[in-house]
Amino acid sequence: PVRSRLQAAAVRGLTPFVGRDKEVDKLREVLERAGAGHGQIVAVAGEPGVGKSRLLWEFTHSHRVNGWVVLETTAMSHGKTISYLPVSEMLRGYFQIDERDDERRIREKVTGKLITLDESLRPALPAFFQLLDVSVEDPEWQAQDPNQRRQRTLDAVKRLLLRESQIQPVLLIFESLHWVDSETQAFLDSLVESLPTARALLLASYRPEYQHTWGSKTYYTQFRIDPLAPESADELLHALLGDDPGLRPLKQVLINRTEGNPFFLEECVRTLMETKALTGERGAYRLGREVQAIQVPATVQAVLAARIDRLPIEARRLLQAAAVIGMDVPLNLLHAITDAPEDLLRRSLMQLQSAEFLYEVSLFPAVEYTFKHALTQDVAYSTLLQERRRALHARIVAAIEHLHAERLAEHVERLAHHALRGEVWDKAVGYLRQAGAKAAARAANREAVMLFEQALVAVQHLPEGRASMERAIDLRLDLRPPLLQLGHLERVLQLSQDAEAMAEKLGDDQRMARVYTYLINYHYLKGEPELAVEYGERCLRIGDTVNDPALQALARGYLGYSYHAQGHYRRAEFVLKQNVEALESAWGQAEGPQAGISFVTSSGWLAFTLAELGEFDAANTYLDRAQRAAEASGHAYTHTIARTLAGLVWLRRGQLDQALPLLQKSLDACREKNLDVWRPIPSSLLGLTCILLGRLDEGLRLLEDGVALTEGLGVRAYLALWTTHLGEGLLAAGQLERARAVAQRALEQAQAHKERGHQAWALRLQGEIAARGDRAEMNAALELYGRALALAEELKMRPLLARVHLGLGQLHARAGDRDKAQEHVAVGLGLLREMDIRFWSARAAEELMGLGHLFIVARHNVELYEYLKQEFAGEPVTVMLDRRQAERRQRGDEAAGEDRRKGDRRRQDTDQALRLP
Ligand SMILES: Nc1ncnc2c1ncn2[C@@H]1O[C@H](COP(=O)(O)OP(=O)(O)OP(=O)(O)O)[C@@H](O)[C@H]1O
Ligand SMILES: [Mg+2]
């Protein structure tokens, strides 16, 4: 129905079209270019009533668009919270669906048309069904997470249009974008990217307050539609009023007053006719009284209000009731909410039509009216007193429920809108929650948040009691996923705390535990691992008491990640292992996406933990399990988690060729599927990989992204690590000063958020940077490396330990202390060998060659001796086996630093195997 407002007006005779020659010419040009396969966007912007829609209407109803498929749609003033409203409307037009069609018929029409167009579009069917509110019975579609479904929906509509444009050029008209919802916006943004090679023209109209990002496209044209020029306004008045010379002063007054806004002009003329200031008939009027006695209000709203005020009481009440229904007014609904007898209703409707407040838009299957203009509806609505407005909204809820009892699902947004304004609080909460859930299921997070927030307002009006309190808690829980996806962490915290207090009051353990899961998550992300652990433990206790495996898994998972963040790697290893085993036996691997995500995340983070400890073989077994589970789930997010962590482990192990494709794929998936919360991780890891491969520019960009994205989300967990990576990149790129500042920031972040492992990495980096400085900095470098060494030993971070030793070796070499240098390099190399970390082994070997010729390996480490011998065959390095091992124990102890007693057994063994003479 929205498509045909001007169509309906045209039936009664539109004001003759004046001016706009330049715009029409330009549109014709752009259409030609688009028709030749160079897709175009035209934006038509201007004040309300200035003639945007009329221009587009004139253009699309001319012979110029013969041979084009024309698809028109518009955003609506009540539509900001209704995801995809204009897109669904457009599809209804494209598939020729009308009100009478039931689900079966809609399915037939969509399937038929789509398959005829292109058989390969079949997989897109569920997306179209969802947009048209037809239930989707496709297990594969159901199994997808909302983000994936969202992506597929956006793709489906885009592909449909692009495919259609290969057969016939497509003219798309999206009107009134100032009311657009964020999903339709996302659709348009994505369409715009594919436009330049399509035979398609996108015409968009909006009022000046709307903003978009297409301005920089070469295939974009913008028209600002100004009010009519005085000659054009005069022409318009001439057509409406005729050319009686006595009218001239009045015309001048009107043009001045309205400043050439055609809608304002039209309404003024109507007023003058209605008040008999003009007499005669259309096209041939004369002044009915002195020009000086004629009042023209200052705004079009005031003109409309005065006109409404002059209507007979029944007609006025009817118009007001219609305005409460909305821009489009089905007769049966209007009838149901007014008490007027049938014949009076008909008479009033006739009056409203002849005064051009309303137009009749469709006679079949059901009669429907539409307001002449959005401003008309606005003003009619605003002339109502609050109490009557409320009562009407409430009646509309009851009427829709009655009229559409069988298909309420399609109307939840409308019901929610009216129930809220009708202050039918109980229903408002119910419908808003349903509408919010629908939006969340489509990953329309902004709309979901708006709807749930409105429901929170409504719930406050419910009578106090347990049931209301439970609903208030549940709504807060509903709000959390979309808020989190949008990065509104503070609001998540506030809602969780409110909910905690309420659940406590109710003594409701189950709800309390669900609240805890959010608090754990919040504190974890905010870089407050201690609080996360505290809530994790509470949550786990409840999970154990009520024996809820899902809850236990969630709590244990976060405990694991929090311990990891704190650098308690052994403790993290313990709970994560427990979790992995429990999840595997409780659910198997293929049962539902949530179980899959928990399993994969726990296994992946366990592998990460083991990698920090240098236990790569064990890490790999968990990565394999994660990979298998991800494959079984067929779930993009899960896959991405598994891949990212596998990439991380390979990176820690220095096997860059293995890490690179995994991380690249992960990052691509994050971009494509809008996995915003995860994206910083592959970004930073891939960045570091690129740096190590010598791809500095690309690497730095990704590293910067990793940090900026994390900060943008308000996430603090692991920020120190991503910042350290950035510092490494800067150092590699020779940007010493920036590297220094970034490394300092990384250290401070790690300290602030109690991430001790990341402190150790940051200290090593600082040591590395200081070691590049002048001789005066040498001591500082030693000190920093020493602190890194101590921490790494305490936390048993063997890969880091090895790297610190290499750094120390280099430092001593520069200072000319060859003995110490050899000692450290040898220890580092031994560790790297033992863990099979190749990349830095190769570097260490180079280092050794730089140092000189003699390298002595402790007697019982024959394997290392053999390896080195082979490695240095043909090089000016002699490798010897040490026979005086025992005497040297003390010196070795010194070399490893004073914290060595704390070091683990395995490392001591290695050190002993690498005693130097
Ligand atoms: N160039 C024109 N010649 C004659 N009449 C016009 C012209 N432009 C607009 N009108 C008339 O003015 C009225 C308002 O125009 P229109 O609906 O196109 O405004 P709009 O800019 O789309 O407003 P909104 O921002 O509310 O969508 C309509 O009745 C239309 O027929
Ligand atoms: Mg318009």
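Preceding block: the structure.
This is a predicted model, so every value here is computed, not measured. (Residues numbered from 1 in each chain as written. Chains lettered and ligands numbered in written order. Predicted model: local features only at pLDDT ≥ 70, side-chain atom pairs only at ≥ 80, totals over all residues. Heavy atoms only, no water.)

Peer 1: Can you help me understand the nonpolar core in this one?
Peer 2: Within soluble globular proteins, side chains that are nonpolar generally end up buried alongside one another. Counting residues in hydrophobic clusters, the biggest one holds 278 residues, and the most contacted among them are L91, F95, F128 and W605. Counting residues in hydrophobic clusters, the runner-up holds 19 residues, among them V24, A34, V50 and L201. (Core = buried A, V, L, I, M, F, W, Y, C linked by side-chain atoms within 4.5 Å. Buried < 20%, exposed > 50% of the residue type's maximum accessible area, 1.4 Å probe, protein only.)

Peer 1: Mind showing me how you'd approach the environment of I41 here?
Peer 2: With respect to the helices and strands, the residue I41 is situated in strand β1 (residues 40-45). I41 gets classed as buried once you look at its relative accessible area, which sits at 0%. For the pair I41 and E410, spaced 369 residues apart in sequence, the C-alpha separation works out to 32 Å. Those residues in contact with I41, other than ones at most four positions away along the chain, are V192, L195, L201, L202, W214, Y219, Y220 and T221. (Helix = DSSP H or I, 4+ residues; strand = E, 2+ residues; numbered from the N terminus. Contact = heavy atoms within 4.5 Å.)

Peer 1: I would appreciate a short explanation of the pairing of strand β10 (residues 368-371) in the present structure.
Peer 2: The side chains of a regular strand alternate between both faces of the sheet. Of the two faces of β10, the one carrying E368 and T370 and the one carrying Y369 and F371 are both buried. In this sheet, β10 lies alongside strand β8 (residues 328-330) in antiparallel orientation, the contact comprising three bridges. Each bridged residue has a counterpart across the sheet, and for V329 the counterpart in β10 is Y369. (Pairing = 2+ DSSP bridges.)

Peer 1: Mind showing me how you'd approach the state of the cysteines here?
Peer 2: By definition, a disulfide links the sulfur atoms of two cysteines through a covalent bond. According to the stated counting rule, one finds zero disulfides in the structure shown. The thiol of C670 is unpaired, and the distance to the nearest cysteine sulfur, on C690, comes to 15 Å. (Disulfide = S-S within 2.5 Å.)

Peer 1: How should the sheet that holds strand β5 (residues 220-224) be read in this particular structure?
Peer 2: Whether parallel or antiparallel, the strands of a sheet pair through hydrogen bonds between backbone atoms. With parallel pairing, the five strands of this open sheet are ordered in space as β2-β3-β4-β1-β5. Only two strands of the sheet have a single partner each, and these edge strands are β2 (69-74) and β5. Neighbouring strand axes in the sheet, compared pairwise and without regard to direction, differ in orientation by 15° on average. In this structure, β1 lies alongside strand β4 (residues 200-206), joined through six bridges in parallel fashion. Note on β4: the bridge partner recorded for A43 is A204. (Axes fitted to C-alpha atoms, helices over the stretch in contact; angles between N-to-C directions.)

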